[in-house]
Each structure stands twice: as C-alpha cells, then as structure tokens.
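# Understanding the architecture of this molecule
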Amino acid sequence: MNQNVSSYIMPTYGERSIEFVKGEGCYLIDKNNKKYLDFGTGIAVNSLGHCHPILVKKLQKQAAKLWHTSNLYYNSEQEEYAKILCNNSFAEKIFFTNSGVEAIETGIKVVRSYHYSKKNLKKKNIITFEGAFHGRTFAALSAQKKYSEGFEPLLPGFIQVPFNNIEILEKNIDQNTAAIMIEPIQGEGGVIAADLIFLEKIRKICYQNDILFFLDEVQSGFGRSGKLFSYEWANFEPDVMATAKGIGSGFPLGACMATEKAAAGMIKGTHGSTFGGNPLAISVGIEVIKIMIDKNFMIQVDKKARYFWYKLKEFEKQFDEIIEIRGAGFLLGIKTKNNNIEINNLLTKNGLLCLIASDNIIRLAPPLIVNKNEIDSALQIIKKTLKEID
Ligand SMILES: Cc1ncc(COP(=O)(O)O)c(C=O)c1O
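Residues numbered from 1 in each chain as written. Predicted model: local features only at pLDDT ≥ 70, side-chain atom pairs only at ≥ 80, totals over all residues. Heavy atoms only, no water.

What follows concerns the pairing of strand β6 (residues 158–161). One ladder, built from 4 bridges, connects strand β5 (residues 125–129) with β6; its direction is parallel. Within β6, the residue paired with T128 across the bridge is Q160. As a crossover connection, the stretch from β5 through helix α5 (residues 138–144) into β6 is right-handed. (Pairing = 2+ DSSP bridges. Helix = DSSP H or I, 4+ residues; strand = E, 2+ residues; numbered from the N terminus. Right-handed = clockwise from strand over helix to strand, strands pointing away.)

Here we take up the packing of helix α3 (residues 76–87) against helix α8 (residues 279–293). The contact between α3 and α8 brings their axes to 10 Å, and the two run at 30°. Between α3 and α8, the angle falls in the class roughly parallel. The interaxial crossing formed by α3 with α8 has left-handed handedness. Residue-level inspection shows E77, Q78, E80, Y81, I84 and L85 of α3 in contact with α8, the latter providing I282, G285, I286, I289, K290 and I293. Its residues assigned to classes, the contact of α3 with α8 comprises 7 nonpolar, 2 polar and 3 charged. (Axes fitted to C-alpha atoms, helices over the stretch in contact; angles between N-to-C directions. Parallel < 35°, antiparallel > 145°, perpendicular 65-115°, else oblique. Left-handed = near helix turned anticlockwise from the far one by under 90°. Contact = heavy atoms within 4.5 Å. Nonpolar A, V, L, I, M, F, W, Y, C, P; charged D, E, K, R; others polar.)

So, on to the sheet that holds strand β10 (residues 212–217). Backbone-to-backbone hydrogen bonds pair the strands of a sheet. The strands run either parallel or antiparallel. The 7 strands are arranged β4-β12-β11-β10-β7-β5-β6 in an open sheet whose pairing can be described as mixed. Looking at strand neighbours, the two that pair on one side only are β4 (93–97) and β6, the edges of this open sheet. Neighbour-to-neighbour, the strand axes of this sheet turn through a mean angle of 20°, independent of strand direction. Across 5 bridges, β4 lies against strand β12 (residues 254–258) in antiparallel orientation. In the sheet register, F96 faces β12, and the bridge partner there is A255. Lying over the sheet, α3 contacts β4 and β12, oriented at roughly 120° with respect to β4.

So, on to the layout of surface pockets. Rolling a probe over the atoms, with the probe sized like a water molecule, indicates the empty space that remains. There is about 1,900 Å³ of room inside the largest pocket. Of all the secondary structure elements, the ones that give two or more residues to the lining of the largest pocket are α1 (41–44), α4 (100–117), α10 (340–349) and β16 (355–357). No other element matches the 4 residues that α10 contributes to the lining of the largest pocket. Among the residues making up the lining of the largest pocket, the classes are represented as 20 nonpolar, 19 polar and 9 charged. Reported here for the second largest pocket is a volume of approximately 910 Å³. In terms of lining residues, the second largest pocket is bounded by 30 residues, among which N71, Q78, I94, F95 and F96 are the most central. Counting residues per element, the ones that place at least two in the lining of the second largest pocket are α3, β4, α4 and β12. When residues of the lining of the second largest pocket are assigned to their parent elements, the largest contribution, 5 residues, is made by α3. A class-by-class count of the residues in the lining of the second largest pocket yields 15 nonpolar, 11 polar and 4 charged. (1 Å grid on protein atoms, 1.4 Å probe; cavity = no way out; pocket = protein on both sides within 12 Å on 5 of 7 lines; lining within 4 Å. Points joined across faces, edges and corners; volume = space filled by probe spheres on them.)

The subject of this paragraph is the nonpolar core. One broad rule of soluble globular proteins: the nonpolar side chains tend to lie buried together. Core analysis: the largest hydrophobic core is formed by 77 residues, its most contacted members being L169, I202 and L312. With 8 residues, α8 is the single largest residue contributor to this core. With 23 residues, the next largest nonpolar core counts F158, M181, L212 and A263 among its residues. (Core = buried A, V, L, I, M, F, W, Y, C linked by side-chain atoms within 4.5 Å. Buried < 20%, exposed > 50% of the residue type's maximum accessible area, 1.4 Å probe, protein only.)

Before going further, it helps to spend a moment on the packing of aromatic side chains. A complete count under the given rule lists 13 aromatic pairs for this structure. On the basis of an interplanar angle of 10° and a centroid distance of 5.2 Å, the ring pair of Y81 and F96 is categorised as stacked. In this pair, Y81 sits in helix α3 while F96 sits in strand β4, placing the two residues 15 residues apart along the sequence. The exposure class assigned to Y81 is buried, which follows from its relative accessible area of 0%. Ring plane angle 20° and centroid distance 5.2 Å describe the contact between F213 and F236, whose orientation is recorded as stacked. Of the two residues, F213 sits in strand β10 while F236 sits in the loop between β10 and β11 (240–243), which places them 23 residues apart along the sequence. (Phe/Tyr/Trp six-rings, centres within 6.5 Å; stacked < 30°, edge-to-face > 60°.)

Moving on to the site of the ligand. The ligand sits among S99, G100, V101, F133, H134, G135, E183, E188, D216, V218, Q219 and K245. Note that an oxygen atom of the ligand is positioned 2.9 Å from one of the backbone N or O atoms of V101. Here K245 contributes a side-chain N or O atom positioned 2.9 Å from an oxygen atom of the ligand. The fraction of the free accessible surface of the ligand (390 Å²) that becomes covered by protein chains is 83%. Among the cavities detected, the one that contains the ligand is the largest pocket. When grouped by side-chain class, the residues that make up the shell around the ligand number 3 nonpolar, 5 polar and 4 charged. (Near = heavy atom within 4 Å. Polar contact = N/O pair within 3.5 Å; in protein donor to acceptor, adjacent residues only side chain to side chain. Areas by Shrake-Rupley, 256 points an atom, 1.4 Å probe, with all protein chains shown as cover. Sits in = over half its atoms within 2 Å of the grid points.)

In structure tokens, the structure reads:
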C-alpha cells in the first residue's frame, strides 16, 4: 500500500473541495459552517429536501427492525409499495433497483425478453436520441454514446437519431426495432424537453409496429416536472419506464415500471438484484410517494415552479449574460454566454448550489418542498452573480 497518496479514491470525479456535514430542508451546511441553498439536490435527487422529518423517523424505525433479507423472501411492504406505484402510474409490474442505470438495464431486459417471449427473434434494436444520458454501465454507454470513449467495444443493437425529429426517427424504424427509449426531458443533455406531440407520435409508431415505448424518467420523474411523472403532461402512456433519483429523496432506490404485457418475458430467473428494494429503501420510498400523491402537493410544486420560471424569464430580458431559460417544472436550465462551470463556481461561492449540463447550461433542480422565500433567495443570488459577471 502506498502511504503517500493524497486520496485512496479513484479520481473519477476530479478534485472536490467542499465537504458538507449537515442537511436541513433546502439547505446544506459545510464543515466551515457555511450555509448553502441547495438547488442541485445531489443531482436532482433530494426531492423532499434534506432529512425530511417523516423520512428520518421512518428510516430510524426500520433501521431498528430489519435491514436486509434479499429478494429470496417475501416482503409485504415491498408488495404494498409496488401497488401504490402502479395505482399512480401506467404500470402494472415493478422491479426494484438501487439506482437509475440499473432501472435502465432492467428496462432493456424487459424489452428484449418481451420480443423473445413472442418468438420475435429479430426485434433486438433500441432507438435512442442524440444528447441522451442513461447512465454509466455498458448498456447505457452503448445507448447514449456519451462518456463511452476508451470503453469500446460497446454493445451492439443501439441506433441513435436526432431528438425531436419525427421524420428521421421514422426512417430508422424497421422490423428489427424492439424499442424506442427517450428522456421526456433531457437533463444532462442540456435541460431540453421533448415536444409533447413528438412523444405522442412515437407512441403511435410503437403501437403500429409492435415496438415498446421506453421512457427514461430517472431524472424527470417523481414530481420534477410538476406532475408525478412527466409523461402525464401529454396524452399517452409508455410500456416501460425507468425511475430513480427523486423516488427515495436521497436513499438509493430505483424502479423499472412496465405494463403486464411488456413485462411478459420477465419470468422466474430472468433477472435479480441482491439489494434492490430492500426493507430500508422501501420504507423510505413508501413515505416519499405518500407525500407526493397527497392531492395538494403536486399542485403546489407546479405553482412554485411556474413562479420560478416567470422570474427567471424576467432575468432573461434583463441580463445579456442569459441566452435562454429552458426546461419544465423544477428542472430548469439557464444557457449563459460565459462558461457555465465558472458561473456555477461563482453561484456556489455566493451560497447557491446548482448543477451544470451540456450546451453551457446552469441546471436548477430545487427540492420540491422549496418555499417562495427560498425561491426568492435563490433568485437574489442568481441576480447578484449575474451582476458580478456583467
Ligand atoms: C435520465 C437519466 N437516466 C439515467 C441516469 C443514471 O442514474 P444513476 O446515476 O442513478 O445510475 C441518470 C443520472 O443522472 C439520468 O439523469
């Protein structure tokens, strides 16, 4: 062992200078006691903020009772949770995972096993979109191409076409097409919402050609768009969907959701996960969704998100630095003239944590529980920062 290294962690994230020691609602506190308003939420994860008292209580209670049994044994709470998810979405079957990319991987297996179970052995290809981000496993890298350099050979069977372009998509569909996989709002790709008409047309194409419509709502799901799932803004339902991030408000959890028909091939022995949907994760997940499906919750999220949007749109007119405000709900992007990483560093220095995204975007993903005063504070910091650059 080399005793002289400064870190024993693989440096895949580069240098990280800030260390947080406490989280409270919409705030994070670092080890120097500096308080930050958190509009990055650990990459769009802490949907109900940090250490939500109901979640803390439930997790503590569960931690004292039972942590892990594996999926070899029945878990009635897991069953109850899956039922709540199904009752509040298009889905009829759930597979629990620990992360977003595992839900994507599961969805890809749902797709391939569906066609295999129908003895349709040609249908293997999955069409994906330029700018997509689906995660870091080999299937996700193969689907999105992004971040795949040096990891070749990638998996075959993925075809990428431009986002929001129905003509080119149609030209790429053939008898080998098994699924179309898309993020309703591209997050990492630059906070770009898919046109709702485009999504509805994909739905039709899928019906006509026995293709599964696979949504990646890992980032856009669980209230981020102002509805529980962002597909609810349009007039269609998918066949398969991957979700994660906001589902556990910070506890590692994900889910692949599917119709019974689409999940027909996921029979005994086809898939598994040692930890997926373990008692701790389920205990938190149940409380998160109970809060989110309370009838007033999403109405409030939508209302607050619209307020934030209109205020940012005013900034767009006031500040030359802003090229565009984009996105939906509480997944918003500010496209800036100057380098987004430098602006993000300034925002951090001024006490507002945000994210970045492709296309020189500052990405904002506040906790859904944020209140008007906290939004106003964030707006003040953004204004101050933009003035510093101007
Ligand atoms: C749309 C989308 N899909 C998949 C993933 C992968 O999720 P995870 O990092 O939990 O594996 C992410 C992560 O940022 C994402 O934004």
